[in-house]
Amino acid sequence: MDSRDPHEVSDEGEQKKLALMRAFVEREDPASKEVDDLMLRRFLRARDHDIAKASNQFLKSLKWRRASVPNGFISKSEILNELEQKKIFMQGFDKKGSPIAVVLAAKHFPSKSNVEDFKRLVVYILDKFCASMPGGQEQFTVIGDLQNWGYTNCDIRAYLAALDIMQSYYPERLGKIFVIHVPYIFWAAWKVMYPFIDQKTKKKFVFVEDKKLKETLLQDIDESQLPDIYGGKLQLVPIQDS
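The protein goes by Patellin-4 in an unreviewed UniProt entry, where it is assigned to Acorus calamus.

J.: Help me out: how do you make sense of the environment of Thr 201 in this one?
T.: Residue placement: Thr 201 occurs in helix 8 (residues 199-202). Along the backbone, Thr 201 and Glu 78 are 123 residues apart, and their C-alpha atoms lie at a distance of 29 Å. Non-local contacts of Thr 201, meaning those with residues more than four positions away in its chain, are made with Met 166, Gln 167 and Leu 174.

J.: How should the packing of aromatic side chains be read in this particular structure?
T.: Two descriptors summarise a pair of aromatic rings, namely the distance from one centre to the other and the angle between the planes of the rings. Within the structure shown, the criterion is met by twelve aromatic pairs. Relative to Phe 207, the ring of Phe 205 lies with its centre 6.4 Å away and its plane at 20°, an arrangement referred to as stacked. Judged by its relative accessible area of 17%, Phe 205 falls in the buried class. Residue classification places Phe 207 among the partly exposed residues on the basis of a relative accessible area of 30%.

J.: What exactly am I supposed to notice about helix 1 (residues 12-28) here?
T.: Residues three or four positions apart in an α-helix share a direction because the helix packs 3.6 residues into each turn. Taking 1.5 Å as the rise per residue, helix 1 with 17 residues should run 24 Å; its terminal C-alpha atoms sit 25 Å apart, in good agreement. For helix 1, the set of buried residues is Glu 14, Leu 18, Met 21, Arg 22 and Val 25. Within helix 1, the buried residues cover an arc of 105° as seen down the axis, which keeps them to one side. In this structure, helix 1 carries Glu 12, Lys 16, Leu 20 and Arg 27 as exposed residues pointing more than 90 degrees from its buried face. In this structure, the buried residues of helix 1 make contact with helix 2 (37-46) and helix 3 (51-68). Among the residues of helix 1, the N-terminal cap falls to Asp 11, whose side-chain oxygen and the backbone nitrogen of Gly 13 are separated by 3.1 Å.

J.: Any chance you could explain the nonpolar core here in plain terms?
T.: Grouped burial of nonpolar side chains is what soluble globular proteins tend to show. With 40 residues, the main nonpolar core has Phe 140, Ile 165, Tyr 170 and Ile 239 as its most contacted residues. Only strand 1 (88-93), helix 5 (115-131), strand 3 (140-145), helix 6 (156-169), strand 4 (174-180) and helix 7 (186-193) provide two or more residues apiece to this core. For Tyr 170, the residues in contact, after removing those within four places along its chain, are Trp 64, Arg 65, Val 123, Leu 126, Asp 127, Cys 130 and Ile 165. Within the second largest apolar cluster, 13 residues are counted, among which are Phe 89, Ile 100, Ile 180 and Val 208.

J.: Help me out: how do you make sense of unusual backbone geometry in this one?
T.: Note on backbone geometry: most residues besides glycine have negative phi, and most peptide bonds are trans. For Asn 148, which is not glycine, the phi torsion reads 70° and is therefore positive. Position of Asn 148 relative to the elements: it lies in the loop between strand 3 and helix 6. For His 181, which is not glycine, the phi dihedral falls at a positive 50°. Along the chain, the position of His 181 falls in the loop between strand 4 and helix 7. Take His 181: its relative accessible area is 17%, and that puts it in the buried class.

J.: Looking at this model, I keep getting lost on the UniProt feature "domain: CRAL-TRIO" (unreviewed entry) in the protein. Mind explaining?
T.: Mapped onto this structure's residue numbering, the UniProt feature "domain: CRAL-TRIO" (unreviewed entry) falls at residues 76-238. Helix makes up 34% of residues 76-238 and strand 17%, with an end-to-end C-alpha separation of 12 Å.

J.: Explanation requested: a nonpolar patch on the surface in the structure shown.
T.: A contiguous nonpolar patch, built from Tyr 184, Trp 187 and Phe 207 and spanning about 370 Å² of accessible area, is present on the exposed surface. In this fold, Trp 187 is placed in helix 7. Overall, Trp 187 belongs to the partly exposed group, its relative accessible area being 36%.

J.: Could you clarify how one ought to interpret the confidence of the model for the protein in this entry?
T.: Regions with low pLDDT carry predicted coordinates that are not meant to be interpreted in detail. Chain-level pLDDT for the protein is 93 on average; 96% of the residues reach the 70-or-more range. Every residue in residues 1-9 is under pLDDT 50, and counting partners more than four places away or in other chains gives 25 contacts.

J.: Help me out: how do you make sense of the pairing of strand 1 in this one?
T.: If a strand is regular, its side chains alternate between the two faces of the sheet. Among the six residues in strand 1, five count as buried, and that is most of the element. Bridge count for strand 1 against strand 2 (residues 99-104) is four bridges, and the pairing is antiparallel. Note that in strand 2 the partner of Phe 93 across the bridge is Pro 99. The antiparallel pairing of strand 1 with strand 2 creates a hairpin that spans five residues between the two strands, and Gly 97 there sits at a positive phi of about 90°.

J.: Explain the packing of helix 1 against helix 2 to me, please; I cannot follow it from the model alone.
T.: When two helices pack together, their arrangement is given by the angle between their axes and by how far apart the axes lie. Axis separation between helix 1 and helix 2 bottoms out at 10 Å; the angle between their running directions is 105°. Classified by the angle between their axes, helix 1 and helix 2 sit roughly perpendicular to one another. In this structure, helix 1 uses Glu 14, Lys 17, Leu 18, Met 21, Arg 22 and Val 25 to contact helix 2, whose residues at the interface are Asp 37, Leu 40, Arg 41, Phe 43, Leu 44 and Arg 45. A breakdown of the residues in the contact of helix 1 with helix 2 according to their chemical character gives six nonpolar, no polar and six charged.

Thresholds applied
Residues numbered from 1 in each chain as written. Predicted model: local features only at pLDDT ≥ 70, side-chain atom pairs only at ≥ 80, totals over all residues. Heavy atoms only, no water. Helix = DSSP H or I, 4+ residues; strand = E, 2+ residues; numbered from the N terminus. Contact = heavy atoms within 4.5 Å. Phe/Tyr/Trp six-rings, centres within 6.5 Å; stacked < 30°, edge-to-face > 60°. Buried < 20%, exposed > 50% of the residue type's maximum accessible area, 1.4 Å probe, protein only. Expected span 1.5 Å × (residues − 1). Arc of directions from axis to C-beta. Polar contact = N/O pair within 3.5 Å; in protein donor to acceptor, adjacent residues only side chain to side chain. Core = buried A, V, L, I, M, F, W, Y, C linked by side-chain atoms within 4.5 Å. UniProt positions renumbered as here; feature names shortened; annotations may be inferred. Patch = residues over 30% accessible without salt bridge, like charges linked within 9 Å, V, L, I, M, F, W, Y side chains within 5 Å. Areas by Shrake-Rupley, 256 points an atom, 1.4 Å probe, with all protein chains shown as cover. Salt bridge = Lys/Arg side-chain N within 4 Å of Asp/Glu carboxyl O. pLDDT = per-residue confidence, 0-100. Pairing = 2+ DSSP bridges. Axes fitted to C-alpha atoms, helices over the stretch in contact; angles between N-to-C directions. Parallel < 35°, antiparallel > 145°, perpendicular 65-115°, else oblique. Nonpolar A, V, L, I, M, F, W, Y, C, P; charged D, E, K, R; others polar.

Structure (structure tokens):
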């Protein structure tokens, strides 16, 4: 995870590129004027400080949001079926102040889920996490729990959709994802998804051995902030109730 203060520009070179990027995107889309430097910088860093690539992806994200989230937010009423499955939880913060999400993958069933509804769920989740960021923080941490995950839960289309939304429209928001209780059959799905994960995101996946679960999580999360099902002291709270 980037340990730099998110409110500090790292160096003069990045500041100059940020200024050039802002001038370009504001010229192309006036709505860019409403966006702060932190957001533009996330796109810039996600594209390795390539101004053209970062600018184009940012402008694409503005168009995507106007089309996909016309009201500016996703309401609970739009994703009731997804929320009722209670597969996403949000509570606590890691040692760097990042809010924590817990995903219980075995509670997702493709037969009960529509890909478009799932995409709306992803936007709802990401927006909620971004809104919950404490001052000075830009990223969140995920615990992806694959306990009891099997073929009936496998949904490659949904997984790839979530990856695309996060990488394309919420760059540099994911700090780290701990993947735990990994069953052997999951690796077949991982092999399919892996080529679609960008290099920066790949580095954020941490696959945890069962025997080292608690000690690994405690390196990043205090016991007081760790869910009780992993030996901590917080009860899981469905994201819609958090």
